[in-house]
Structures are given as structure tokens and as C-alpha cells.
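# Geometric and topological summary
This is what each chain is made of:
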Amino acid sequence: MISSEIVDSFEVSGAYINSSMKNITKSPDMFAFCAYCSNYGNLSMSHAIPKAAFKTMLRAGSGKAIGIPKGDGDAHLTSDTGEAPLLCEKCENDFNRNFDGPLTNALKVLENEIKKQGLRTTIDFPANQMAHAVGSVAWRIARSDALMFSEVVLSPKHMEELDALIRLPSDEVLKHCTVRIGRLIDKTPRKSGGFGDELMGQFMKGPGVFSTQKKRNGKFGHFMMDWTMFGFIVHIIVPRLPYPKSKNFGGLKRGATQIRAVPVDMLEYPPMRDALVAGFAAQEEDRLSPALKKRADKRSKN
């Protein structure tokens, strides 16, 4: 099990986004400057986290997921996938082809292999390409106007670093960031109420941003962003951690040709644990939206 010391050393500067999710209506004509190439034109409705990552979760809920509230809000049903106008058609296609497609396929293959062979399994996939794809997701999360990501805010300096990162050649990306792919697990046995591996893909933790304090010399420290997809917890830290810390954290090795996911117990990882506790509290306090309460009552009768 990888220690959570590195995660614990970061101070929360954003928020764990669980349910500030509302659907954005697509306008047939959304003209603005593309966030990547800066050309002016009709923008596509872009997904920061690949849309495929939401399918397992939404399929399990007949097209709806349970949004866990922040604070005293109501738990509710949502079908939001965080799309918003961001990229021109060309850049959208380039991102889908170069980043989202390979990332989605690799994590699906890794998920299947883990289910067959266990957590120590590896798959053949370039670490450089994986890191570049993860960086592109982080960049879109930080740039997106989708309400799902509204509280993910980077300082101008950190945004500048992330913007420069995704414009690098793939073989240069891991010089400037640490990327970790973790597999969510629950060590509690199923018979004792634990979540089985087949359920991990149904959890979607919204992105959170963590940052270190500014150093005394005025320079900015590191920032870390995390999110879940396909039952994996993805971390990116910019700038790159020193090699010993990156290795201990389970970071991808630059130039490696194989990928392995490190186990992350969802109940020992504060953001996941807090979201589950918030959901349980909402249920116990009867803070459920009418639609969710209707679904819960229906299931309790069956």
C-alpha cells in the first residue's frame, strides 16, 4: 500500500466537488476563442474528463448518478458529465485522438487485467503518453467553465505551468510533473458491507486541487489535482517531485513502457472517505431530493 503522507502534506486550496453539478444547455452557435489554439470560431462542447468515464456510473443508475452534497445540501440525481464550450472543432478532435482515446483504452485494459490477475498486473503502454494524456485532462478541468469544475481554481503561476506542460513533446512531460495511477480498493470484506472491485467504476469523485504553501522566497510551491475514472484515482503534481518522493508515491517513470496501478484504499484516502460520509449523513438526515427519495423508496420495497 502506498503511503498517503505526500497527499497529506498538501493543503486544500480548492474543494472536493461532489454535486455542484447542473446540466449546461448547448447552444447551436458558441463563438469564442479556443482555449488551446486561441483561434476564434464555433466552440465544441468539450469534456474535461473523458465522457466514457461516466458511462459505467450512469449505466448503473439508469442514466442518473447520485450527487453527494457539500455542506447541508440535498443528495440528488444528476446526469451531468461536465461538458462546456472550450475547444474549437479541430482542437477537440486532436485532444480526443491524441489523449482521450488512448487514455480511456489503456485504463479499460488495465481495469480488465486487474480483475483477472490482481493488483500487481501491468500493461504495455508508454508512461510518457499516459502522463501527457493525464496532463491534458487536468488542463481542461482548470480551463473549463463547467459548474462541475467551478471550484477548481489554480493560481496564475500554476496555470501557466500547466499550460506549458501540455504543449511539450510527450517524452518531456514527466520531467515537469509527477503522475500516479491508483486503483481504488476497499479492504472491508463484501460480507461485512465492503465495496467489491466490480463497483469501483461506479464511484466518481470530482476533481480536487491541493497546494503547498508559498516558499519564503516568494516562489510558488507544488500543486496537485486528483479525480477518479474507471475505478482509478488519478494524481498529477506540478512541478515534478524529487525522484525519491515520486518513486515512493508510485509516480510513473519517464520512458517506461509498462503501466501499473498502485492500490489506494478508498476509506483511507480523505477525499473519498469524506464524500462517502457526506452521502451517508445526507441519507440519515433525510436530505434527499424528491427524485432520489422516490428512487430510494422504490428500491426499499423491492
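So, here is what we can say about the structure in this document.

Rules and cut-offs
Residues numbered from 1 in each chain as written. Predicted model: local features only at pLDDT ≥ 70, side-chain atom pairs only at ≥ 80, totals over all residues. Heavy atoms only, no water. Phe/Tyr/Trp six-rings, centres within 6.5 Å; stacked < 30°, edge-to-face > 60°. Lys NZ or Arg CZ within 6 Å of the ring centre and 35° of its normal. Helix = DSSP H or I, 4+ residues; strand = E, 2+ residues; numbered from the N terminus. Contact = heavy atoms within 4.5 Å. Buried < 20%, exposed > 50% of the residue type's maximum accessible area, 1.4 Å probe, protein only. Pairing = 2+ DSSP bridges. Axes fitted to C-alpha atoms, helices over the stretch in contact; angles between N-to-C directions. Parallel < 35°, antiparallel > 145°, perpendicular 65-115°, else oblique. Left-handed = near helix turned anticlockwise from the far one by under 90°.

### Describing the packing of aromatic side chains
- Scanning all chains against the criterion turns up six aromatic pairs.
- Between the aromatic rings of Phe33 and Tyr40, the centroid separation amounts to 5.1 Å while the plane-to-plane angle is 65°, which identifies the pairing as edge-to-face.
- If you follow Arg180 out to its NZ or CZ, it ends over the ring of Phe249, 4.1 Å from the centre.

### Describing the environment of Val109
- Along the chain, the position of Val109 falls in helix H3 (residues 89-117).
- Residues Val109 and Asp124 lie 15 residues apart in sequence; the distance between their C-alpha atoms is 9.7 Å.

### Brief notes about the environment of Ala106
- Its place among the elements puts Ala106 in helix H3.
- Between the C-alpha atom of Ala106 and that of Met130, which follows or precedes it by 24 residues, the distance is 8.4 Å.
- Contact partners of Ala106, with chain neighbours within four places excluded, come to Ile123, Phe125 and Met130.

### Re the pairing of strand E11 (residues 232-238)
- Of all the seven residues making up E11, seven are buried; the element is thus mostly covered by neighbouring parts of the structure.
- Side chains Phe232, Val234, Ile236 and Val238 of E11 all project onto a buried face; the interleaved residues Ile233, His235 and Ile237 project onto the opposite face, where all are buried too.
- In this structure, strand E8 (residues 178-185) lies alongside E11, joined through six bridges in antiparallel fashion. Opposite Arg183, over in E11, you have Phe232 as the bridge partner.
- Bridge count for strand E10 (residues 223-229) against E11 is seven bridges, and the pairing is antiparallel. Residue pairing in the sheet places Met225 in a bridge with Ile236 of E11.
- Where E10 folds back on E11, the antiparallel hairpin that results is connected by two residues, among which Phe230 adopts a positive phi of roughly 60°.

### Details of the packing of H3 against helix H4 (residues 127-143)
- Where H3 meets H4, the closest approach of the two axes is 9 Å, and the angle between their N-to-C directions is 115°. Considering the angle they form, H3 stands roughly perpendicular to H4. Here H3 and H4 pass one another in a crossing that is left-handed. Where H3 abuts H4, its residues Phe95, Asn98, Phe99, Asp100, Pro102, Leu103, Ala106 and Leu107 lie against Gln129, Met130, His132, Ala133, Val134, Ser136, Val137, Trp139 and Arg140.

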